[in-house]
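A closer look at the structure
Listed below are the residues making up each chain.
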Amino acid sequence: MFPWWSGLLIHSPLIGLQTLCQEGKTLMFSLPICPCFYEIVQVVDTGPILRDMVFSMDHEHLYIMSEKQVSLPGLPVESCGQYKTCSTCLGSGDPHCGWCVLHNTSALSFSLSRPLCLQLVLETYNVPELSAGVNCTFEDLSEMDGLVVGNQIQLTSHDPYAFSPGDHHIVQLQLKSKETGMTFASTSFVFYNCSVHNSCLSCVESPYRCHWCKYRHVCTHDPRSCSFQEGRVKLPEDCPQLLQADKILVPVEVIKPITLKAKNLPQPQSGQRGYECILTIQGNEQRVPALRFNSSSVQCQNTSYSYEGMEINSLPVELTVVWNGNFNIDNPAQNKVHLYKCGAMRDSCGLCLKADPDFECGWCEGQNQCTLKHHCPIQENQWLELSGTKGKCTNPRITDVSCSPHSRSCQVTSFKSSSLLCWLISLIVCEMGEAKPSQHAGFVEICVAECKPEFMARSSQLYYFMTLTLSDLKPKRGPVSGGTQVTITGTNLNAGSNVVVTFGRQPCLFYRCARNPSLRLVPGAGSREWRDVAGLQFEYMEDPTILRIEPEWSIISGNTPIAVWGTHLDLIQNPQIRAKHGGKEHVNICEVQNATEMTCQAPALPVDPNHQSELTERPEEFGFILDNVQSLLILNKTNFTYYPNPVFEAFNPSGILELKPGTPIILKGKNLIPPVTAGNAKLNYTVLIGEKPCVVTVSDVQLLCESPNLIGRHKVMVSQALMGNPERMGTTENSGILWNLDPIIVVTRNLGDPLQKELMICGIGLYPVSLPRVSVQECAGEPLFSLFCAIKQQMEKGPIDSITGEARYSLSEDKLIRQQIDYKTLVLSCVNPDNVNSPEIPVKILNCDTITQVKEKILDAIFKNVPCSHRPKAADMDLEWRQVSGARMILQDEDITTKIENDWKRLNTLAHYQVPDGSVVALVSKQVTAYNAVNNSTVSRTSASKYENMIRYTGSPDSLRSRTPMITPDLESGVKMWHLVKNHEHGDQKEGDRGSKMVSEIYLTRLLATKGTLQKFVDDLFETIFSTAHRGSALPLAIKYMFDFLDEQADKHNIHDPHVRHTWKSNCLPLRFWVNMIKNPQFVFDIHKNSITDACLSVVAQTFMDSCSTSEHRLGKDSPSNKLLYAKDIPSYKNWVERYYSDIGKMPAISDQDMNAYLAEQSRMHMNEFNTMSALSEIYSYVGKYSEEILGALDQDDQAGKQKLAYKLEQVITLMSIDS
């Protein structure tokens, strides 16, 4: 732990400043313990300097005068800026100046930001060789080099928290190797600042080494800075402080001193001011001189106080004792002064005498007011006080007579009785005696102490005696345990102040008196028989029983419908269901259907809201509240279980999901289907888009909503209840959980609006695939296809060179356009070739696109839901520009207008043809016009005839349209084609030079921006692949079987290195299968993968491979850009892989029988999709290559020996060799 202010500023101590005058010069001295000469300054030309000196208005300059001259401009008070290094600054001896370490500059000492500078020596143990050096960082706020000396590391700490509030800050110091950049050790440092404490108690009670300077009124870590030895305080009991005082009562407008007990009060020293009391009254501060009697007593001098308003009879005010102007004395007891007014809110004798006796208030009859005794005229018979002999108020009066019905007593009710005494109170409670037969009404009279006229009062209203009648009782039956709420109707049931009702001899609990003439009460328990209530009959029945509930589960938040079967359920008027967990109880309502059935809403389980989507819990108690039936409060036969709440994810960081009209909405989440072991009940979700519902399909991790045909922004709301047998369960509306999700923007097809964006929906057509690819279609197909579409859309937002395949937006450095390309976005209206009368289709195009690129984008827009292999080819179509004048022009990549410069021919673009925004175009069948014919004088006929084959492609046979463009020069004419940038293969720069150059900052920034746009799609794909149960699909049995086989082989060969086992599994599944799928999505989807998309997918595949590796992911100056891009993500991905392998290991083993059955089922399902002979041929080629090893292994295996597998395999090899 280090104090802040010690060494905060490197400076010479300044206690005083002295100037002496020589001939025309000023000698500057600082006065610490002894004077120190530090500078000579020339201020006037000649002559002695006068003693009189004047500061400038801003106190930054000093005007010095001789007899004939004034120094202009004035002498600067400080000139710290002249010192450029720490040594020259401190060496100057200038007391004003100090060196600011963080800013590396000299500055005026009292204006510095006061950074901390400390030399630290760290002892390290068990660390590797550190010859490359060590970086020391205080979290991410400051970094410095450390000097390694043996097992010690020396460094200078710079406090990054000089401006932080509080008296301390904990900083994590980390030591990083310069060789690897990794942290190898860390520790915590506590920086503390005593000076923030402005009271003695807070200072010395600090957990740090803080001391209080009593006479300087400051908190410091260095007690030597205190003025006197006796002024140093370290313990709380030595602090100056006020002691606990009795209630301090001060009447207003009365001059009175206030004496306070204290201890350790300091005696003001020479030049210091004395004591004062500060009272803050209704926001106004009133200072009163105070006298210190000794160290244990102080008195606020005679003063009167007041406050405004008569609606406050006592006002507590803050009291502060200070000395020397603003040195506060601690008041740990929080003593307050209570100002009071006797007459406030006490306008009657009774109220006055009820005041606090300590106030010494009394009733002055002459003035007819409540006041202090010395304010009342000196006549004994005019002064009434509670403690005096005349402690009774005369002339009482009754203001109101009311009987609160059925509250067991009548309030403020009086009647004539010589035995009733009134003891100076304004509320009297009386008990009414029995009325005489002829008495029906009368006035209320009251006597106070004695029945003399001056002590008697009579009411102005009559009191009435009423006769009660009972007419009906509902319900007329209830359970034997009691608790049924019964309503009795009749007349005058609201008379009197107390109600007692018995059922036979069994008393009942009175509930309330209704406004209409009725009583509501709860009878107690009784035997099964009829009971009489004033002539009305009530029957006790057998208690209800619960026979069965269904389902026996709910989600944590409750409200799922539960069906209940039992007996005598119709006896209960307000049944409830309860659950208790963690000592807390939640209840919910039930509704009785008939004597044997009722439906309930499951109560919520009281668990931490932060864990409601994670826990599966059993309640401590679960049962029903059925009147007073205690036996059903806890059901012992049920296994009621609570499952985690469903959780929905936000659409995306922006909070808005953009869709085309009619596009299904996918709401992702978890726990959407509770993992119930038995039964087929599911949560019933209702999804509203705006106010319109949609049809939903639910899996465990997503909810698919067939959205209504809407346009505009709409809020998405999801509510849930439980699905079950409607005949048994009934339906429940507006129950369950309600989620208010982010808005969806359903956009129209008007792509010209820059605020409306669309995600290009590519056509999907699945090829027949082999067995491993089934899992791609079932679980990873969606995220893989989404990643492909996202890459394609992001790449096409910027220019793409049709010759080199380079693009402005890319994940691959090798496919990144380095040059600045000027372009703008156009929106063309394309005529629908299938229906020329339908509205034109808007398509976003770049003016730098080649004509072929334009045609491909138009085909994507028109045939977006058509598989790629079923679409027209761009090479078979011409692009026709329909101009406003009516003219039509065929646009091509190459025609007679194509520009040629120095053997370089540039492909035509929309900018070349000067096609404006909003133009109308159409795709028509291929044709040749004179305008578009290639000029033979420029290009040879051979070149012209090869136009369609000029752009050549290479690719996988699995997809003829997975192409990598490669342009070659015309061998006859020597003309080379280019689009946006000229191919480096034909330039001065060699191809190998480009890949070896470091990525410049601007290019890396562009790569990172593209990576950030695609991050969610990459994460989604990786998370799906490395999950044993994702998107509702279980892990294929073959993977579990294969991983168990690898583990068995490792055990068999005593291979226990986890890295080896991890590598085996990675080579078998992720690296052999998934990497191929990521790089080649055209193996699964009927799509067109261009060169730039292929390059980006290769970067993703490489990241996938790095995530499966167990080696440390180290970065250096020569690391490729793709490793830099995903450097922070790969550790998380590695954790996913390890968790995936671990989860598979924990799954139940797959028997050989189950595996054989699984393979047989897969063969049956895909029998027409496999080439059996080709598969056998592949297996045999492997057997032939390793025949000796396989035969040897079969001979040693007991199971194989029983089946004579080695002999059979030899026969197959012999037969195949004869055939060959």
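Since the model is a prediction, treat every value here as computed from it, not as a measurement.

1. Overview of the state of the cysteines
Applying the stated criterion across every chain yields a total of 10 disulfides. The side chain of Cys342 participates in a disulfide bridge whose partner is Cys361; the two sulfur atoms lie 2.0 Å from each other. Its S-S torsion of approximately -80° makes the covalent link between Cys342 and Cys361 left-handed. Linking Cys342 in the loop between strand 28 (336–340) and helix 3 (349–353) with Cys361 in strand 29 (residues 361–364), this pair joins segments that are 19 residues apart in sequence. In this structure Cys342 comes out as buried when scored by relative accessible area, which is 8%. Classification of Cys361 by relative accessible area gives buried; the value is 11%.

2. Here's the deal with the packing of helix 12 (residues 1037–1052) against helix 17 (residues 1130–1146)
Relative orientation of the contacting elements helix 12 and helix 17 amounts to 90°, with a least axis distance of 10 Å. Relative to helix 17, the element helix 12 is oriented roughly perpendicular. Here helix 12 contributes Ile1039, Lys1040 and Phe1043 to the contact with helix 17, which in turn contributes Tyr1140, Tyr1141, Ile1144 and Gly1145. Broken down by class, the residue content of the contact of helix 12 with helix 17 amounts to 5 nonpolar, 1 polar and 1 charged.

3. A few points about the packing of helix 14 (residues 1070–1079) against helix 15 (residues 1091–1108)
The interhelical angle for the contact between helix 14 and helix 15, taken along N-to-C directions, is 160°, at an axis separation of 8 Å. In terms of orientation, helix 14 and helix 15 fall into the roughly antiparallel class. In terms of crossing hand, the pair formed by helix 14 and helix 15 is right-handed. Here helix 14 contributes Pro1070, Leu1071, Trp1074, Val1075, Ile1078 and Lys1079 to the contact with helix 15, which in turn contributes Asp1094, Leu1097, Ser1098, Val1100, Ala1101, Phe1104, Met1105 and Cys1108.

4. A word on the side chain of Asp167
Secondary-structure assignment places Asp167 in the loop between strand 14 (152–158) and strand 15 (168–177). No salt bridge is formed by the buried Asp167. Its closest oppositely charged neighbour is Lys234, at 11 Å. One polar contact links Asp167 to His197, side chain to side chain, over a distance of 3.1 Å. For Asp167, the side chain forms a polar contact with the side chain of Ser206, separated by 3.4 Å. Apart from the residues lying within four places of it in its own chain, the contact partners of Asp167 are Phe191, Tyr192, Asn193, Val196, His197, Ser206 and Tyr208.

5. Details of the confidence of the model for the protein
On average, residues of the protein score 77 in pLDDT, and 77% of them are at 70 or above. Mean pLDDT values over the elements of the protein span from 28, in helix 4 (residues 726–729), up to 96, in strand 20 (residues 241–242). Confidence drops under pLDDT 50 across residues 405–425; counting only partners more than four residues distant or on other chains, this segment forms 72 contacts. When the criterion is pLDDT under 50, residues 985–999 qualifies, and its contacts beyond four places in sequence or with other chains add up to 20 contacts.

6. Some points on the sheet that holds strand 46 (residues 561–567)
Hydrogen bonds between backbone groups are what pair the strands of a sheet, and the pairing can be parallel or antiparallel. A sheet is described by the order of its strands in space; here 6 strands give the open sequence 44-46-49-48-47-50, paired in antiparallel fashion. Since the sheet does not close on itself, it has two edges, and those belong to strand 44 (545–550) and strand 50 (621–625), each with one partner. Averaged over all adjacent pairs, the angle separating strand axes in this sheet is 30°, with direction ignored.

Cut-offs applied
Residues numbered from 1 in each chain as written. Predicted model: local features only at pLDDT ≥ 70, side-chain atom pairs only at ≥ 80, totals over all residues. Heavy atoms only, no water. Disulfide = S-S within 2.5 Å. Helix = DSSP H or I, 4+ residues; strand = E, 2+ residues; numbered from the N terminus. Buried < 20%, exposed > 50% of the residue type's maximum accessible area, 1.4 Å probe, protein only. Axes fitted to C-alpha atoms, helices over the stretch in contact; angles between N-to-C directions. Parallel < 35°, antiparallel > 145°, perpendicular 65-115°, else oblique. Contact = heavy atoms within 4.5 Å. Nonpolar A, V, L, I, M, F, W, Y, C, P; charged D, E, K, R; others polar. Left-handed = near helix turned anticlockwise from the far one by under 90°. Lys, Arg positive; Asp, Glu negative; His and termini not counted. Salt bridge = Lys/Arg side-chain N within 4 Å of Asp/Glu carboxyl O. Polar contact = N/O pair within 3.5 Å; in protein donor to acceptor, adjacent residues only side chain to side chain. pLDDT = per-residue confidence, 0-100. Pairing = 2+ DSSP bridges.

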